[in-house]
Structures are given as C-alpha cells and as structure tokens.
Amino acid sequence: MGLFVALGLAALVMLAMKVSNLSDYGGGETYRLTARFDNIGGLKVRSPVMVAGVRIGQVSDVRVDHDTYEAVVSLDIYRRYDNLPADTSASIFTAGLLGEQYLALEPGGEEEVLRDGDEIKLTQSAMVLEQVIGQVLFSKAAGDE
C-alpha cells in the first residue's frame, strides 16, 4: 500500500513539473534574443519558444519599455539552434485547452543569422479573445443598421 502511495505522489510531482515547465529547463547552454510586442497576452517567464512545434528555448524575462510602452520579451535559445536567420519572425500563440501561451519563431530566408543579444524585428502580438469577440459583435451591430 505504501509503495502505491509513493508512486502516486511521484507521478503527481512529475505532472506538476511538466505543467509548470520546470522540467524542461535543462537544455544546456543558451544565447539570448529579444523581441518587442504591443500585447503579450498571458505569455510568462518559462513559456516555451518553438520552431515548427519543437521547443528550442524559453522566455527568460518580460518587461515594459518605459519609452515606447511595448513589452520586451527576452528569450533564452539553446545553443544547438544558433542558426536562426536574421529575418526570423516571432508570434504569440495559444496551445491546448488550458490556454497556455507560447512564442513561435518562423525562420526567414536570410543568410545572416541572429547572434547573442540581437533583437527579432518582425513580431505579431497575442490575439486577445475579448477584443476579437468585441470586433465581431460590433461588426454584427453595424451590419444590422
């Protein structure tokens, strides 16, 4: 009986670590990139950074630029993915039913690559569900006149 309880507790701890993204931060050496967004929605520190559905890093810091009032997101990218083209774009998407947000990178075609400390210039902010619903309702109301 004690063995089953211990196994159950271990399974719960592993599940909690997986959901909180704590277990995925062992990818080795990283380099840092930044990206600016008008709205990051629910993006948080330790949110995954993905290319083609493969995790290549994580969000390491989120802050507000006091001059432009944009969100500045710092990304720690694993060194083995150090060949991202300079014209790579960054978008914020929602994954799964729970609404966990992640940052997706879409590599461009430029030969020059992003280096430690570079900024991703092409960004697309998070889609805020409340704004989308408001736009749909407003367009319906305007169409009824």
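Heads up: these notes are all about the structure in this document. Quantities reported herein were computed from a predicted structural model and do not represent experimental measurements.

## Some thoughts on the overall build of the protein
Alright, step 1. Helices and strands together make up the secondary structure of the protein, namely two helices and eight strands.
Alright, step 2. Put simply, the protein runs from its N terminus to its C terminus through helices and strands in the order α-β-β-β-β-β-β-β-β-α.
Alright, step 3. Buried positions account for 30% of the 145 residues belonging to the protein.
Alright, step 4. Counting only contacts in the protein whose residues sit at least 6 apart along the sequence, the fraction spanning at least 24 positions is 65%.

## Looking at the pairing of strand β6 (residues 100–106)
Two faces, one strand: in a regular strand the side chains alternate between the faces of the sheet.
Alright, step 1. Burial within β6 is extensive, with five of its seven residues counted as buried.
Alright, step 2. Where strand β2 (residues 48–51) meets β6, two bridges bridge the pair, whose relative direction is parallel. By the bridge assignment, Met50 is partnered in β6 with Ala104.
Alright, step 3. Note: strand β5 (residues 89–95) against β6, seven bridges, orientation antiparallel. When the bridges of β6 are listed, Ala90 appears paired with Leu105.

## Some details on a nonpolar patch on the surface
Alright, step 1. Where nonpolar side chains cluster on the molecular surface, the patch consists of Met1, Val5, Leu9, Leu12 and Leu15 and spans about 570 Å² of accessible area.
Alright, step 2. Mapped onto the elements of the fold, Leu12 is located in helix α1 (residues 2–19).

## Details of the pairing of β2
Alright, step 1. Relative to strand β3 (residues 54–64), β2 is paired through four bridges, and the arrangement is antiparallel. Paired with Val51 across the bridge in β3 is Val54.
Alright, step 2. Linking β2 to β3, which pair antiparallel, is a turn of two residues; within it Ala52 sits at a positive phi near 55 degrees.

Conventions and cut-offs
Chains are numbered independently. Their residues run from 1 in the order of the written sequence. Residue-level local features of this predicted model are given only where pLDDT is at least 70; pairs of side-chain atoms are given and counted only at 80 or more, and the full residue set underlies all totals for whole chains, interfaces and linings. The side-chain quantities take in all heavy atoms of the structure and omit both hydrogens and water. Counting from the N terminus, the helices are the DSSP runs of H or I reaching at least four residues and the strands are the DSSP runs of E reaching at least two. A simple rule labels every residue: compare its accessible area, found with a 1.4 Å probe on the protein chains alone, to the largest value its type can have, and call it buried under 20%, exposed over 50%, or partly exposed in between. Residue contacts are counted whenever heavy atoms from the two residues lie within 4.5 Å of one another. At least two bridges found by DSSP between two strands are what make those strands a pair. A patch is a set of surface residues, each over 30% in relative accessible area and not in a salt bridge, joined within 9 Å for like charges and within 5 Å for the nonpolar side chains Val, Leu, Ile, Met, Phe, Trp and Tyr. Here the open area of atoms and residues is found with the Shrake-Rupley method and a 1.4 Å probe, where only the protein chains shown may cover a residue. Salt bridges are defined as contacts in which a side-chain nitrogen from Lys or Arg sits within 4 Å of a carboxyl oxygen from Asp or Glu.

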